[in-house]
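One letter stands for each residue in the lines below.
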Amino acid sequence: MNTGFVILQKYLMTPMAKISQLRLVRAVMAAGMASVPFTIVGSMFLVFNILPMTFTGLQGVFENTFFKVSDLYMVANTATIGILALYFNFVVGYELTKIEAEETGLNVNALNGALLSVFAFFMTLPELVMQNNVIHLINAPSEHIINGLRIGSTIVRLGTAGIFIAIIMAALATQLYFLCIRRNWVIKMPETVPLGVSRSFSALIPTFVIAFCIIIINGCFIYFGTDIYSIISIPFQFVTNLTKSWLGVMVILFLIHALWVVGIHGASIIGALITPITLVNMNENTLGAHIPFAGEFNNSLVILGGSGATLLMTFFITFYAKSSQLKILGRASAVPAIFNINEPIIFGLPIVYNPYLAIPFFLAPMVCGTLGYFAISLHIINPVVALIPWPSPLGLGAFISTGGDYRAIFVAILSAVVALLIYLPFVKLYDNKLYKEEQSKIKNEGEIR
């Protein structure tokens, strides 16, 4: 096991720690966190709207009441999930500029960086085509494309379909902004000019530079019969497809818990990388897809009680551990565990660098993930269509995230029980070890007295 820890630390912890410190990764992580309130609110309205699909007895009641004004309240969904790429774009641009200013001392303004990112992103939204050596906006009413904008409940590319390009445009726009500031390509105003006016003029030349760059990039792609969305979708589609496979889900769960075992918050690091993908998958589910790994799949059906699926194991040591150390720790950790908070267990048990508990810590979530994956892929339960707060207790998160599918509650409970069964032999072995050490210490203290 010690050799295994060394390998994990060398080949996983070190590179992942470096990746987690990349400015773009930190900015995407911040964007994912900032978008949570909007995605949860939008999801709740969607869940409410699809309840009659699960509880068919409500259909008549809803049609005579709520569905008469559904277009009114579903605007909340359109203004959140429907423009999620815009939230990501703005926050990534803001955070990248803020980090640049704080870490390098470059005189850049975070709000300018965010607005320039939005500007660059919006320049990629229209669909254009070249015909007879003339570039023009696509108009295809039969495909819901008006003046180059593909329309759904909102502009399609503002939704989850545009998240990846939104992130890339934010990175490109801010780097061009930084370049202009470093080269002193700015219009400087006298000190007597108000700060707000001065800032707006300092962004004027960077705006021109960004505009010309995006025009050139778009023009090149259009000349060759494609566009930036089609090009960017190739590598990201490959990664997204991996998350739709059982093996891909297992790799993600393994990486999360491998990082935890060596003391790094695996859920935060891997979560920053996969959040855009899980949001895209969740949106596809709302449109009729059946993708298991979407939204809060992990917190709803897999890592119940926190990373490692430690919920029932925490209650087991609370009531049945022989060692005082585990019993006291279990009592202190039981309530947080209900809300998927288990740092006291991970660092207090501990699980970090603990050869007794590393194996079940890997194995339990992977088995639970397998149960959840196939329960959805085999249509035993509905897929995740709504984002729930990650601290949602056992069963409740599964019920809400699947649009009110009560069968998901039983799958979540089954996963928690299976996780406990996996932990039991390892926890008992570790508990016996600690108990013997405690008894030996008590005996030695008694002899000294």
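Above this text is the structure in question.
Since the model is a prediction, treat every value here as computed from it, not as a measurement.

Caption draft 1: Representation of the overall build of the chain within the structure. Each helix and strand in the chain was counted, giving 20 helices and four strands. Dimensions of the chain, computed from C-alpha atoms along their principal axes, come out at roughly 90 × 60 × 45 Å. Here the chain holds 449 residues, and the buried ones make up 47% of them. Sequence separation of 24 or more characterises 73% of the internal contacts of the chain that already satisfy a separation of 6 or more.

Caption draft 2: Up close: helix 16 (residues 324–338). Relative to the 21 Å expected for 15 residues at 1.5 Å per residue, helix 16 spans 22 Å between its end C-alpha atoms, a close match to the ideal helical length. At Ala332, helix 16 is bent by approximately 35°, the largest bend along its length, and proline Pro336 sits one to four residues beyond. Downstream of helix 16 by one or two residues, Asn340 has phi in the positive range, about 60°.

Caption draft 3: Fine view of the pairing of strand 2 (residues 134–137). Judged from the four bridges that link them, strand 1 (residues 128–131) and strand 2 form a sheet pairing that is antiparallel. Bridge pairing links Met130 to Ile135 in strand 2. Connecting the antiparallel pair strand 1 and strand 2 is a turn made up of two residues, with Asn132 showing a positive phi of about 55°.

Caption draft 4: Structural view of the nonpolar core. Within the largest apolar cluster, 55 residues are counted, with the highest numbers of intra-cluster contacts made by Phe297, Leu301, Ile317 and Leu349. Of all the secondary-structure elements, those providing two or more residues to this core are helix 12 (246–261), helix 13 (266–286), helix 14 (297–302), helix 15 (311–320), helix 16, helix 17 (343–348), helix 18 (358–377) and helix 20 (407–448). Among the elements that make up this core, the one with the highest residue count is helix 20 (13 residues). Sequence-distant contacts of Leu301, that is, excluding residues within four places in its chain, are made with Cys368, Gly372, Ile376, Ile381, Ala398, Ala408, Val411, Ala412 and Ser415. In terms of nonpolar packing, the next biggest core, distinct from the first, is built from 45 residues, Ile165, Leu279, Val280 and Ala294 among them.

Caption draft 5: Inspection of the packing of aromatic side chains at higher detail. Overall, the coordinates contain 17 aromatic pairs when judged by the stated rule. Where Phe121 meets Phe122, the ring centres are 6.2 Å apart and the plane angle is 90°; that geometry is what we call edge-to-face. A relative accessible area of 0% means that Phe121 is categorised as buried. The ring centre of Tyr229 lies 3.8 Å from the NZ or CZ of Arg157, which sits over that ring.

Caption draft 6: A look at helix 13. In this model helix 13 runs 28 Å from its N-terminal to its C-terminal C-alpha over 21 residues, within 8% of the 30 Å that 1.5 Å per residue would give. At Ala272, helix 13 shows its maximal bend, which comes to roughly 50°, and the proline Pro276 appears one to four places after that position. Where helix 13 ends, the next residue or the one after it, Gly288, has phi of about 115°, a positive value.

Rules behind the numbers
Residues numbered from 1 in each chain as written. Predicted model: local features only at pLDDT ≥ 70, side-chain atom pairs only at ≥ 80, totals over all residues. Heavy atoms only, no water. Helix = DSSP H or I, 4+ residues; strand = E, 2+ residues; numbered from the N terminus. Buried < 20%, exposed > 50% of the residue type's maximum accessible area, 1.4 Å probe, protein only. Contact = heavy atoms within 4.5 Å. Expected span 1.5 Å × (residues − 1). Bend = angle between axes of the 7 residues up to and from the residue. Pairing = 2+ DSSP bridges. Core = buried A, V, L, I, M, F, W, Y, C linked by side-chain atoms within 4.5 Å. Phe/Tyr/Trp six-rings, centres within 6.5 Å; stacked < 30°, edge-to-face > 60°. Lys NZ or Arg CZ within 6 Å of the ring centre and 35° of its normal.

Function-wise, these values are silent; they only describe arrangement.
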